[in-house]
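Here are the chains, one letter per residue:
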Amino acid sequence: MSNAKSLEELEQKQDFIRRHIGPSPAQVSDMLSALEVSSVQELIDQTVPASIRLEQPLTVGESRTEVETLSYLKSVASKNKVFKSYIGQGYHPTNVPHVILRNVLENPGWYTAYTPYQPEIAQGRLESLLNFQTMTLDLTGLDLASASLLDESTAAAEAMGLAKRVSKAKKANAFFIADDVHTQTIDVVTTRAEQFGFEIIVGKAEDAVNHDIFGALFQYPTTSGEVVDITDLIAGVQSKKAIACVAADIMSLLLLKAPGKLGADVVLGSAQRFGVPMGYGGPHAAFFATRDAYKRSLPGRIIGVSKDRLGNDALRMAMQTREQHIRRDKANSNICTAQVLLANMAAFYAVYHGPQGLKTIAQRIHRFADILASGLKAKGIALKHSTWFDTLTVVSDNKNDVTARAIAKGVNFATNHEGEYSISVSETTTRADITELFDIILGEGHGLSVDAIAADVEANGSESIPASLVRDDEVLTHPNFNSYHSETDMLRYIKRLESKDLSLNHSMISLGSCTMKLNATAEMIPITWPEFANLHPFCPLDQAEGYQIMIGELHDWLVNITGYDAVSLQPNSGAQGEYAGLIAIRKYHESRGDAHRNVCLIPSSAHGTNPASAQMASMKIVVVNCDKNGNVDMADLKAKAEEVSENLSCIMITYPSTHGVYEETIREICDIIHEHGGQVYMDGANMNAQVGVTSPGFIGSDVSHLNLHKTFCIPHGGGGPGVGPIGVKSHLAPFMPNHSVINVPGTNIGNGAVSAAPYGSAAILPISWAYITMMGSEGLKQATEMAIVNANYLTHELSKHFPILYRGRNNRVAHECIVDLRPLKELSGITEMDVAKRLQDYGFHSPTMSFPVAGTLMIEPTESESKGEIDRFIEAMVSIKGEIEKVISGEWSIENNPLVFAPHTQGDVLGNEWDRAYDRFYAAFPVPAVAKNKFWPTVTRIDDVYGDRNLVCSCPAVETYRD
Ligand SMILES: *Cc1c(COP(=O)(O)O)cnc(C)c1O
């Protein structure tokens, strides 16, 4: 084969790159002339300091076409062996209702939305999340629920943190974990406890009461399947003024008494088996509920009911000021991006099946467990427990024979406990499967008839759930769970909610620091392939060869792109990556006898997750000032580094800075920190301005997290999922997270886990893998360059009308810019909030508001937006400026203008009364472009104060629908 490529081949190779990048070549040259440069290269030269420019191109390969990429990935995926999983331990096969699969998981209307910070254009997913909370409350029997955490194990770690804060056992420093809690949860909670300096005691559940503890965690049913009445255990813990936490299986709660009713203070668990594929470990949403009294301590977001300006019910995120990353160094957890898309899927699963349907599914699962148990017992097989919901543990002296027979038939059992194996049946189990299980365990020719045993179980009932634990209350009585059981109704419900939300399939979402770029369809296709979707995270490694290849390639590419030596893919959000990175730094210092190094320097401009993560790693935070240009104040940095030198652990710094410029002194900053024996943590959320042009490793930092859900095209999901891998230099590599069930190669054996699954949210890694494959080294660099071109063009045009807060060398910005609205606010009284809401009338999501500077908008267009779309956004901003000027000139009063009444709903504009100083048509169609693609917010401006004063976090009672 000759090396020379045909013209057709070259054309095809470039195909994906030009589709990912928004502006056409003609638009690029228009933008370049507006910027008065002759080439992209000239702009990059003006923008990126020469000292940090990569000398070598990336080596991730050449761009490949969509077709080539998917066909290769399919061949890789097919190396995964999709066995029937009876492993359980927190992960179960599930039937994803197809109406949800296609219309939620595979639908950009749902997966490309942002976290609902602009509630007027997010009522759909807010309603769905309220369903999630209502479902959580009903099933757990508690008063207050949050709208999803990262996974069951981190939720348990959050429960421990909450217990410490609210327990009246103030002197106690130990947290008890029953030894029959899932292994990975013990692992993740222990990692967290180590950081906080808490002692962990693992022992028999009954033993909890004999220790001096501030809290305890039980599993319900236990990891080996026993259904234990924990009422007395809970009371025992509470008699010591400690907090009783229960990790519960969501499906079992349809049949078992709610842990809240047994007295638990906190109930948490995974919502995975409510219609979310196992995906080799994630992503899935965790649920979390507690008592009303602990509402200020509740981790994660809470969706609440409030009123809009016209007095209609409207949803929003409640008590946002207690959102952890907003509390910075006062945070008691570091959750930002969570698992909204998956929480929505689980909530829709409950809506689709309704209480009766869910109960039928749970009963069927339980009946299969009964049938299996009955047959095994009839053949003299010893079961470890006499109670169960879905999991049987067999005490066995021929475990190896049985598991070998299972493997030969393409079946996995849980085998990680000495001398026993466990079988968890699931929604997908059939009678034929039970026969197969008998064949495996008993050998063929056992003579058992599943139908006969089933009839027997049916006739005689079963005592495998203790009478005291049989659930007798109604759940999910709200109309939302009782109205949409035909596919037609369900489809329309999903569509109705989707239509209320503004996503990337409507218009650009120019949120600075969030990098809302294209999530290409081809990248999304593989995640629902059964070969990726249906693997259990603890299946034998030789069944996950396809995953290992894909993860291995992604790992190597990320190493190349970041300039580091090793990458861990375990953290399932940016903030979790920060946490994992800080743990690595801490362990590194400890390994050198420098355990006392615990001070973390953080510039005042940092994202709130930075101090929150430092807090989670029990570091002492020292804030470094920024100068008037928004750069780190070098004199202050030097002074503070000097002052804490002995105890300096690290600095956390974002690059390019949160002010959207390439700080010239970044190498010097790294040197100063290193001279004082510290490590440099570079927050990689802004990697979209680095890929292929520079890299954190090249610049001189030691560790970074990447947000694969920003730079590497995993969609934001309406607030998650995310993946926050960390890259490290070789000296930190041994200290990256490991896992107690599945060993992660390359890290120290003793290292704890930060996520429930060894590779975190493995199922969405194909998205980033496909992005890198289709872009190739050249395309990735072009993407960065075009992000810079777009940002500079937008800055240039907007600067004719608004002051731009910070600029770097040659008056250029990096990939985002900050528009300063404070001078206009001073003159007019119109706030940044008014501008953000008015943008909704123009069909746009607001840019990032008041971060990192209050009274400003931070705008990041990304490379994926065309000049046409950017021009429409500019037109909207300029038109809004004109509106503000009318307020300044007195043509409109500050009380009566389209800004303070924004956003306008159809009901508002078409209502019978109209006493505004502007006309109705102008309210809704302020510029002609809007009419072509009008987006109607469904509620008017929402009253946050009302909602926080009257906190309601479950679906409002039916009566409120009637008024
Ligand atoms: C988004 C972001 C984070 C946090 O990432 P999550 O995935 O939301 O936890 C951290 N730092 C910066 C600068 C960010 O923009």
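Calculation rules
- In every chain, residue numbers begin from 1 and rise along the written sequence.
- The model is predicted, so local features are restricted to residues of pLDDT at least 70 and side-chain atom pairs to those at 80 or more, both for listing and for counting; the totals for chains, interfaces and linings are taken over all residues.
- Hydrogens are left out, water is left out, and the side-chain values use all remaining heavy atoms of the structure.
- UniProt positions are given in the numbering used here, feature names are shortened, and annotations may be inferred rather than shown by experiment.
- Paired strands, in this sense, are two strands between which DSSP finds at least two bridges.
- Only runs of H or I of at least four residues qualify as helices and only runs of E of at least two qualify as strands under DSSP, and these elements are numbered from the N terminus.
- Handedness is read with the strands pointing away from the viewer; a crossover is right-handed when the path from the first strand over the helix to the second is clockwise.
- Only C-alpha atoms enter the line fits that serve as axes; for helices the fit covers just the stretch in contact. Angles between N-to-C directions range over 0 to 180 degrees.
- Only heavy atoms enter the contact rule, under which two residues are in contact if any of them lie within 4.5 Å.
- Note on aromatic contacts: the rings of Phe and Tyr and the six-membered ring of Trp form a pair at centre separations within 6.5 Å, being stacked when their planes are under 30 degrees apart, edge-to-face when over 60 apart, and tilted otherwise.
- Any residue under 20% of the maximum accessible area for its type is buried, any over 50% is exposed, and the rest in between are partly exposed; the area is computed with a 1.4 Å probe on protein chains only.
- Any Lys NZ or Arg CZ that is within 6 Å of a ring centre and within 35 degrees of that ring's normal is treated as a charge sitting over the ring.
- Using only the protein atoms, space was sampled on a 1 Å grid; points where a 1.4 Å probe fits but cannot get out form cavities, open sets with protein on both sides within 12 Å along at least five of seven lines form pockets, and lining residues are those with an atom within 4 Å of a point.
- Grid points are joined across faces, edges and corners, and a volume is the space filled by probe spheres set on the points.
- Residue classes follow a fixed rule: Ala, Val, Leu, Ile, Met, Phe, Trp, Tyr, Cys and Pro count as nonpolar, while Asp, Glu, Lys and Arg count as charged, and any other residue, Gly among them, counts as polar.
- Any residue with at least one heavy atom within 4 Å of a molecule or strand is counted as near it.
- Within 3.5 Å is the distance limit for a polar contact, defined as a pair of N or O atoms, with the added protein rule that one can donate a hydrogen and the other accept it, and that residues adjacent in sequence qualify only through two side-chain atoms.
- Working definition of accessibility: Shrake-Rupley area with a 1.4 Å probe, residue cover restricted to the visible protein chains.

Going by the annotation in an unreviewed UniProt entry, the name recorded for the protein chain is Glycine dehydrogenase (decarboxylating), with Pseudoalteromonas fuliginea given as the source organism. Here is the UniProt Subunit (unreviewed entry) comment for the protein chain, exactly as written: "The glycine cleavage system is composed of four proteins: P, T, L and H." Taken directly from UniProt, the Sequence similarities (unreviewed entry) text for the protein chain runs: "Belongs to the GcvP family."

Chemist: Break down the pairing of strand S16 (residues 620-624) for me, with residues and values.
Modeler: Sheet topology places strand S15 (residues 599-603) next to S16; 5 bridges connect them, and they run parallel. Counted as the bridge partner of Ile-602 is Val-623 from S16. For the segment spanning S15, helix H21 (residues 609-616) and S16, crossover handedness is right-handed.

Chemist: Summarise the sheet that holds strand S18 (residues 679-684); cite the residues concerned and give the values.
Modeler: Within a sheet, adjacent strands bond to each other through the backbone by hydrogen bonds, running parallel or antiparallel. One open sheet holds the 7 strands; their spatial order is S14-S20-S19-S18-S17-S15-S16, and the pairing between them is mixed. This sheet does not close on itself; its edge strands, each paired only once, are strand S14 (566-568) and S16. Adjacent strand axes in the sheet meet at a mean angle of 25 degrees when their direction is disregarded. In the sheet, strand S17 (residues 648-654) pairs with S18 via 5 bridges, with the strands oriented parallel. By the bridge assignment, Thr-654 is partnered in S18 with Asp-683. The sheet contacts of helix H22 (residues 634-644) involve S15, S16 and S17, and relative to S16 the element is tilted by about 155 degrees.

Chemist: Describe the packing of aromatic side chains, naming the residues involved and giving the relevant values.
Modeler: By the definition in use, this model includes 26 aromatic pairs. Ring plane angle 45 degrees and centroid distance 6.2 Å describe the contact between Trp-892 and Tyr-922, whose orientation is recorded as tilted. In this pair, Trp-892 sits in the loop between helix H28 (867-889) and helix H29 (906-910) while Tyr-922 sits in helix H30 (residues 920-924), placing the two residues 30 residues apart along the sequence. Overall, Trp-892 belongs to the buried group, its relative accessible area being 6%. For Tyr-922, a relative accessible area of 21% corresponds to the partly exposed category. An aromatic cluster of at least three residues, connected via ring pairs, comprises Tyr-280, Trp-529, Phe-532, Tyr-547 and Tyr-759. When the ring centre of Tyr-579 is taken as reference, the NZ or CZ atom of Arg-192 above it lies at 5.1 Å. Its end group placed over the ring of Trp-936, Lys-934 keeps NZ or CZ at 4.8 Å from the ring centre.

Chemist: Outline empty space enclosed by the protein, supporting the account with residue identities and numerical values.
Modeler: Throughout the structure, instances matching the rule amount to 11 cavities of 30 Å³ or more. By volume, the largest cavity is sized at about 210 Å³. Gly-90, His-92, His-182, Asp-249 and Arg-273 are, among the 22 residues lining the largest cavity, the residues nearest its centre. Tallied by class, residues from the lining of the largest cavity come to 5 nonpolar, 13 polar and 4 charged. Estimates place the volume of the second largest cavity at around 170 Å³. Forming the boundary of the second largest cavity are 18 residues, of which Leu-105, Pro-283, Leu-342, Ile-527 and Ile-764 lie nearest the centre. With 3 residues, the top contributor of residues to the lining of the second largest cavity is helix H12 (residues 340-378). Residue classes in the lining of the second largest cavity are distributed as 15 nonpolar, 3 polar and no charged.

Chemist: Account for the sheet that holds strand S24 (residues 942-943), with residues named and values stated.
Modeler: The strand order across the open sheet formed by 3 strands is S10-S9-S24, and the pairing between neighbours is antiparallel. Only two strands of the sheet have a single neighbouring strand rather than two, namely strand S10 (313-317) and S24. With 2 bridges joining them, strand S9 (residues 303-308) and S24 adopt antiparallel strand pairing. Residue pairing across strands places Lys-307 opposite Asp-943, the latter belonging to S24.

Chemist: Any chance you could break down the site of the ligand for me, citing the residues and the numbers?
Modeler: In the vicinity of the ligand, 14 residues are found, and the nearest of them are Thr-337, Ser-513, Asp-683, His-709 and Lys-710. A distance of 2.6 Å is found between an oxygen atom of the ligand and a side-chain nitrogen or oxygen belonging to Thr-337. Within the side chain of His-709, one N or O atom sits 2.7 Å away from an oxygen atom of the ligand. Relative to its free-state accessible area of 390 Å², the ligand is covered by the protein chains to the extent of 98%. Here the shell around the ligand gets 3 residues from one element, more than from any other, and that element is helix H20 (residues 574-591). Within the shell around the ligand, the residues separate by chemical class into 3 nonpolar, 8 polar and 3 charged.

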